[in-house]
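# Results of the structural survey
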Number of protein chains: 2
Amino acid sequence: MEKFLALTEEKKMTILNAALQCFGKFGYEKASVNDIAVAAHISKASMFQYFGSKKQLYIYLLEYCKKVIEEIFEKAHLDSKTDLFDRILASSRMEMESFQNQPFTLQFITSVWEETSPEVADALVILTEEACSFRNDMVLREEDALKFKNPEDARPVFQMLLLMGEGYAARYRGANAFDFETVMDDFEKNIAILRKNFYKEEYLK
Amino acid sequence: MEKFLALTEEKKMTILNAALQCFGKFGYEKASVNDIAVAAHISKASMFQYFGSKKQLYIYLLEYCKKVIEEIFEKAHLDSKTDLFDRILASSRMEMESFQNQPFTLQFITSVWEETSPEVADALVILTEEACSFRNDMVLREEDALKFKNPEDARPVFQMLLLMGEGYAARYRGANAFDFETVMDDFEKNIAILRKNFYKEEYLK
DNA sequence: ACACCAATAACCGATTCGGTCAAGTAATTA
DNA sequence: TAATTACTTGACCGAATCGGTTATTGGTGT
């Protein structure tokens, strides 16, 4: 594994992205080490030189993604935001940015949730626990509902926004390129529209 | 192919679902005929007895899905609905119902959009054209916007609902069972909330 | 007892699998 | 420059799997 870490940052990223993409697309069993090597433009032998085995590579990717998720956590610092829509917007922006910088991480993480291969079943626990606690931190708070014309609308609107987020993710999953700013603007405008129509007049700054 | 058509309806569906699921999950190249045979609880030899070759099986599935989509078209008869939300609700209900009855069809169709295998590239044109014209029929009409407090909100709200639909699809993709009525109720409530907050008073029946 | 037929176990050559290794090449050291 | 070291990879391994074929099986009707 030290062999891999000693590579240039660019080469490491090329290999990581190739592996994330292949595992994300095919799943553990159907993704072959050769697939990944070809996508990374290196020899299959080097892959084994760097990671030892297919399983060790997969585990490395799991831990790598764990780090990425933790970074998203930190940078979003949701605690400071008092408004529901601001919190949703901030966390979405962080998610989208990291998705932009590391296009295959999200695809890989999504695939992990559907992974059923017994060979890596033991290793899967690592990621799933982390990911769950993410949403708990930005969960709807009691005071959020008070800003709504109909406070009982707060929860459904929150759920709708989560749903839209999954919609965006599905729409751009596997797309090799997309305009980050356009999508983010789109989402921001949608949030503004919802806010304008659901909030009491007094909370429309 | 006549061999396959002569089977009991139940056995045919078991085989179709197995094939849709495997191709949907793995893509054309990575899904093996053996995977499908095992999932369908029949021998691999029978698969070739029924369909001749892997490619012919895939093409059969494409045409089968085309039929399913056409049925959804017919049953929804969107022309009769004058209200935007009613049209969205009706088409979503149809989509969800057929998703419920034939759980792997949607997964397969989704995968077709990402299919890159050259071996079936020629056959893929069949489905993609059909699917595109689907949304054109329920596209936002001019008169829909007039019901909104802010007519310029109509288009974004329509886009948001499409996005939510993709979100639902992504959330339940690959789930082997889910409560159809619960999900549909959820969506229906969301639509009611949007309607109440976005429509002018006079259009709230 | 026979003929018929759908289903499959066993098999085909070819390819690919995860993984190894020795030869080649570039970079370092002396 | 010669020797040494570190890195990369083409060629290779046995085993498994690939798409596809064939010979045998067990069941059914007569």
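Just above, that's the structure.
On a predicted model such as this, the values are computed, not experimentally measured, just so you know.

### Overview of the relation of the copies chain B and chain A
The two copies are related by a screw operation: chain B maps onto chain A through 179 degrees of rotation and 0.0 Å of translation along the axis, at an RMSD of 0.1 Å. Here the symmetry operator amounts to a two-fold rotation axis. Closest approach to the rotation axis within chain B is made by the C-alpha atom of B:Gly167, at a distance of 1.9 Å.

### Some details on the packing of helix α10 (residues 154-172) of chain A against helix α11 (residues 180-198) of chain A
Residue and element names in this part refer to chain A. Where α10 meets α11, the axes come as close as 12 Å, and the angle between the chain directions of the two elements is 165 degrees. Between α10 and α11, the angle falls in the class roughly antiparallel. The chirality of how α10 crosses α11 is right-handed. Counting all contacts with α10, which are made through Val157, Leu161, Met164, Tyr168 and Tyr172, the residues of α11 involved are Val183, Asp186, Phe187, Asn190, Ile191, Leu194 and Phe198. Its residues placed into classes, the contact of α10 with α11 shows 10 nonpolar, 1 polar and 1 charged.

### Considering the protein's contact with DNA strand C
In the vicinity of DNA strand C lie 16 residues, with A:Ser32, A:Lys44, A:Lys54, B:Ser46 and B:Tyr50 positioned nearest. Sugar plus phosphate: this is where 58% of the atoms of DNA strand C within 4 Å of the protein reside. At 2.6 Å, a side-chain N or O of A:Lys44 approaches a base oxygen of DNA strand C. Interatomic distance of 3.3 Å between a side-chain N/O atom of B:Lys11 and a phosphate oxygen of DNA strand C. At the level of elements, α3 (33-40) and α4 (44-51) of chain A together with α4 (44-51) of chain B are the ones that each hand at least two residues to the surface near DNA strand C.

### Remarks on the interface of chain B and chain A
Each partner contributes to the interface: chain B provides 27 residues, whereas chain A provides 27 residues. With a closest N to O distance of 2.4 Å, A:Asp35 and B:Lys30 form a salt bridge. Across the chain B-chain A interface, the total number found is 5 residue pairs in polar contact (both at pLDDT 80 or more). Put simply, the parts of the chain that give the side of chain B that touches chain A at least two residues each are α2 (9-30), α10 (154-172) and α11 (180-198) of chain B. The leading source of residues in the side of chain B that touches chain A is α10(B), at 10 residues. Here the residues of the side of chain B that touches chain A are counted per class, giving 12 nonpolar, 5 polar and 10 charged.

### A look at the protein's contact with DNA strand D
As a structural note, the neighbourhood of DNA strand D is formed by 18 residues, with A:Ala45, A:Tyr50, B:Ser32, B:Lys44 and B:Lys54 the closest of them. For DNA strand D, the fraction of atoms within 4 Å of the protein that belong to sugar or phosphate moieties is 55%. The side chain of A:Lys11 places a nitrogen or oxygen atom 3.3 Å from a phosphate oxygen of DNA strand D. One of the side-chain nitrogen or oxygen atoms of B:Lys54 is found 2.7 Å away from a phosphate oxygen of DNA strand D. Taken together, the elements giving at least two residues each to the surface near DNA strand D come down to α4 of chain A together with α3 (33-40) and α4 of chain B. It is α4(A) that provides the largest number of residues to the surface near DNA strand D, a total of 4 residues. Across the surface near DNA strand D, the residue classes tally to 8 nonpolar, 6 polar and 4 charged.

### Observations regarding the nonpolar core
With 52 residues, the main nonpolar core has A:Leu161, A:Phe187, B:Leu161 and B:Phe187 as its most contacted residues. Counting only elements with at least two residues in this core, the list comes to α6 (84-101), α10 and α11 of chain A together with α6 (84-101), α10 and α11 of chain B. Not counting chain neighbours up to four residues away, the residues in contact with B:Phe187 comprise B:Ile88, B:Leu89, B:Ser92, B:Leu161, B:Met164 and B:Tyr168.

### Looking at the pattern of salt bridges
All names here are of chain B. The final tally for this structure, using the stated rule, is 16 salt bridges over all chains. A salt bridge links glutamate 9 to lysine 12; its shortest N-O distance comes to 3.5 Å. On the criterion of helical spacing, the pair formed by glutamate 9 and lysine 12 is a turn pair, its members being 3 residues apart in helix α2. The exposure class of glutamate 9 is exposed, given its relative accessible area of 55%. Taking the relative accessible area as the measure of exposure, lysine 12 reaches 14% and is therefore buried. For aspartate 83, the salt bridge is made with lysine 147, and the minimal N-O distance between the two is 2.8 Å. Here the residue aspartate 83 occupies a position in the loop between α5 (54-76) and α6, and lysine 147 occupies one in the loop between α9 (142-145) and α10, the gap between them amounting to 64 residues. For the pair formed by aspartate 83 and lysine 147, the shared burial category is buried.

Rules and cut-offs
- Residues numbered from 1 in each chain as written.
- Chains lettered and ligands numbered in written order.
- Predicted model: local features only at pLDDT ≥ 70, side-chain atom pairs only at ≥ 80, totals over all residues.
- Heavy atoms only, no water.
- Least-squares fit on C-alpha atoms with pLDDT ≥ 70 in both.
- Axes fitted to C-alpha atoms, helices over the stretch in contact; angles between N-to-C directions.
- Helix = DSSP H or I, 4+ residues; strand = E, 2+ residues; numbered from the N terminus.
- Parallel < 35°, antiparallel > 145°, perpendicular 65-115°, else oblique.
- Left-handed = near helix turned anticlockwise from the far one by under 90°.
- Contact = heavy atoms within 4.5 Å.
- Nonpolar A, V, L, I, M, F, W, Y, C, P; charged D, E, K, R; others polar.
- Near = heavy atom within 4 Å.
- Polar contact = N/O pair within 3.5 Å; in protein donor to acceptor, adjacent residues only side chain to side chain.
- Salt bridge = Lys/Arg side-chain N within 4 Å of Asp/Glu carboxyl O.
- Core = buried A, V, L, I, M, F, W, Y, C linked by side-chain atoms within 4.5 Å.
- Buried < 20%, exposed > 50% of the residue type's maximum accessible area, 1.4 Å probe, protein only.

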